[in-house]
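Residues per chain are reported as follows:
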Amino acid sequence: MSYTIDLKERVALVTGGGSGIGAACAELLAKAGARVVVADLNAEAAATHAAAIGAQARGVDVASEESVTQLFDEVEAEAGPVSIVVNSAGIAQLPKSPEEMRQSSWDRIIAVDLRGTWLVCTQAGKRMAGRGGGSVINIASIAGSMPGPLHAYGPAKAGVVMMTSNLAGEWGRSGVRFNSLSPGHTLTQFIRDKIEAGARDAGPLEDFTALGRMVLPDEVANAVLFLASDMASAITGVNLLVDCGASITGGWRPYGWVPAARAQA
Ligand SMILES: NC(=O)c1ccc[n+]([C@@H]2O[C@H](COP(=O)([O-])OP(=O)(O)OC[C@H]3O[C@@H](n4cnc5c(N)ncnc54)[C@H](O)[C@@H]3O)[C@@H](O)[C@H]2O)c1
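The rules we used
- Residues numbered from 1 in each chain as written.
- Predicted model: local features only at pLDDT ≥ 70, side-chain atom pairs only at ≥ 80, totals over all residues.
- Heavy atoms only, no water.
- Core = buried A, V, L, I, M, F, W, Y, C linked by side-chain atoms within 4.5 Å.
- Buried < 20%, exposed > 50% of the residue type's maximum accessible area, 1.4 Å probe, protein only.
- Helix = DSSP H or I, 4+ residues; strand = E, 2+ residues; numbered from the N terminus.
- Contact = heavy atoms within 4.5 Å.
- Near = heavy atom within 4 Å.
- Polar contact = N/O pair within 3.5 Å; in protein donor to acceptor, adjacent residues only side chain to side chain.
- Areas by Shrake-Rupley, 256 points an atom, 1.4 Å probe, with all protein chains shown as cover.
- Nonpolar A, V, L, I, M, F, W, Y, C, P; charged D, E, K, R; others polar.
- Salt bridge = Lys/Arg side-chain N within 4 Å of Asp/Glu carboxyl O.
- Pairing = 2+ DSSP bridges.
- Axes fitted to C-alpha atoms, helices over the stretch in contact; angles between N-to-C directions.

Undergrad: With reference to specific residues and values, describe the nonpolar core.
TA: Membership of the largest hydrophobic core comes to 34 residues, with the highest contact counts inside it found for Leu 29, Val 36, Val 86 and Leu 181. Mapped by element, the contributors of at least two residues to this core are β1 (11–15), α1 (20–31), β2 (35–40), α2 (43–53), β4 (82–87), β5 (134–139) and α8 (217–228). When neighbours within four sequence positions are excluded, Leu 29 is seen to be in contact with Leu 7, Ala 12, Val 14, Ala 34, Val 36, Val 86, Leu 225 and Ala 228. Counting 30 residues, the second-largest nonpolar core is a separate cluster that includes Ala 39, Ala 79, Val 85 and Ala 168.

Undergrad: Explain the site of the ligand to me, using residue names and the numbers behind them.
TA: Lining the immediate environment of the ligand, one finds 26 residues, of which Ser 19, Ile 21, Asp 40, Tyr 153 and Thr 186 sit closest. A distance of 2.5 Å separates an oxygen atom of the ligand from a polar atom in the side chain of Asp 40. Between an oxygen atom of the ligand and a side-chain N or O atom of Lys 157, the distance comes to 2.9 Å. Contact with the protein chains removes 86% of the 820 Å² of surface that the ligand exposes when unbound. Those elements that provide at least two residues to the shell around the ligand are α1, α4 (103–131) and α5 (153–171). Taken together, the residues of the shell around the ligand sort by class into eleven nonpolar, eleven polar and four charged.

Undergrad: Outline the pattern of salt bridges, supporting the account with residue identities and numerical values.
TA: Scanning the entire structure with this criterion turns up nine salt bridges. Note that Lys 31 and Glu 27 form a salt bridge whose closest N and O atoms lie 3.5 Å from each other. Remark: Glu 27 and Lys 31 occur in helix α1; sequence separation between them is four residues, near one turn of the helix. When its relative accessible area of 65% is taken as the criterion, Lys 31 is described as exposed. As a salt-bridge pair, Arg 127 and Glu 76 come within 3.0 Å of each other at their nearest N and O atoms. Within this pair, whereas Arg 127 is found in helix α4, its partner Glu 76 is found in helix α3 (residues 65–78), the two being separated by 51 residues in sequence. The residues Arg 127 and Glu 76 share a single accessibility class, namely buried. Each of Asp 73, Glu 76, Arg 127 and Arg 131 takes part in a single network of salt bridges with overlapping partners.

Undergrad: Give a detailed account of the sheet that holds strand β6 (residues 176–183), specifying residues and quantitative values.
TA: Here seven strands make up an open sheet; going across it, the order is β3-β2-β1-β4-β5-β6-β7 and the pairing parallel. The open sheet is flanked by β3 (56–59) and β7 (239–242), the only strands paired with a single partner. Taking each pair of neighbouring strands and ignoring which way they run, the sheet shows an average axis angle of 20 degrees. Pairing between β5 and β6: six bridges, direction parallel. By the bridge assignment for β6, Ile 139 is matched with Leu 181. Here α4 sits on the sheet and contacts β1, β4, β5 and β6; the angle it forms with β4, its principal contact strand, is near 160 degrees. Seen against the sheet, α8 touches β4, β5, β6 and β7 and runs at an angle of roughly 165 degrees to β6.

Undergrad: Go over the environment of Trp 106 with me, naming the residues and quoting the values.
TA: Considering the arrangement of structural elements, one finds Trp 106 in helix α4. Sequence spacing of Trp 106 and Ala 156 is 50 residues, and the spatial spacing of their C-alpha atoms is 9.8 Å. Here Trp 106 is in contact with Met 101, His 151 and Ala 152, once residues within four sequence places are set aside. A polar side-chain atom of Trp 106 sits 3.2 Å from the main-chain carbonyl oxygen of His 151.

In structure tokens form, the structure reads like this:
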């Protein structure tokens, strides 16, 4: 038996859709029949990707309340009511000690990754609640639950997870589902280029996962499509880990590490 997810021309807005994980999500949602709007700070990247996948494009700065409100007003006027939102817009950070980290950099990461997600979620939630339904998927990160040297990014993503479950309760009776998805290290083109140029060592990123490899952007998109669709109609307020098992290997450290692959029979 086969089953195809059909989003039946639902309007899907993907922030950060011009690149990486957001671009993969936009492409898969379009393939599943949604009318996709690719929204990105990089308007050129949004336009290029949208043209390639048969979507519309918009420039937006998710950290700006005015910009986000305008985005929703314009998209809904032109494409119709938005019933799927994927929040993938975000900025990463390099590992930095508190002594090294500039306050302006900390502030911008919080403004985009946490405040930006809040602004998009609240626009989406109140509009969807007024229409009786919708699905919002926030791209968080395993850095939101695994402590490390990402002193702005980690707390921002932890906040995204909590915000998502709060909003799932807030608008659940109105039929709006809110879920977050926490990818592990994902082999986007950006990271692939860095590895190929020798600027990043893939070894440690692969070794600390149970599956021994990094996540692919399409694998995140597959999970996003599931959460967006009616296949996930009873799922709200969860944080779905799509991390190749990065978050479950820590307990193996005292025992030498996860076992190597078994010999194939
Ligand atoms: N790549 C990974 O390993 C990884 C792992 C876990 C979580 N994530 C999260 O996934 C999301 C996408 O990451 P990615 O690796 O695809 O990054 P990316 O840089 O390829 O894509 C992010 C996109 O967001 C856009 N953007 C940045 N600031 C914005 C703003 N203020 N308003 C609107 N758009 C803005 C960028 O222009 C870019 O197109 C991010 O939220 C990131 O934190 C990534």
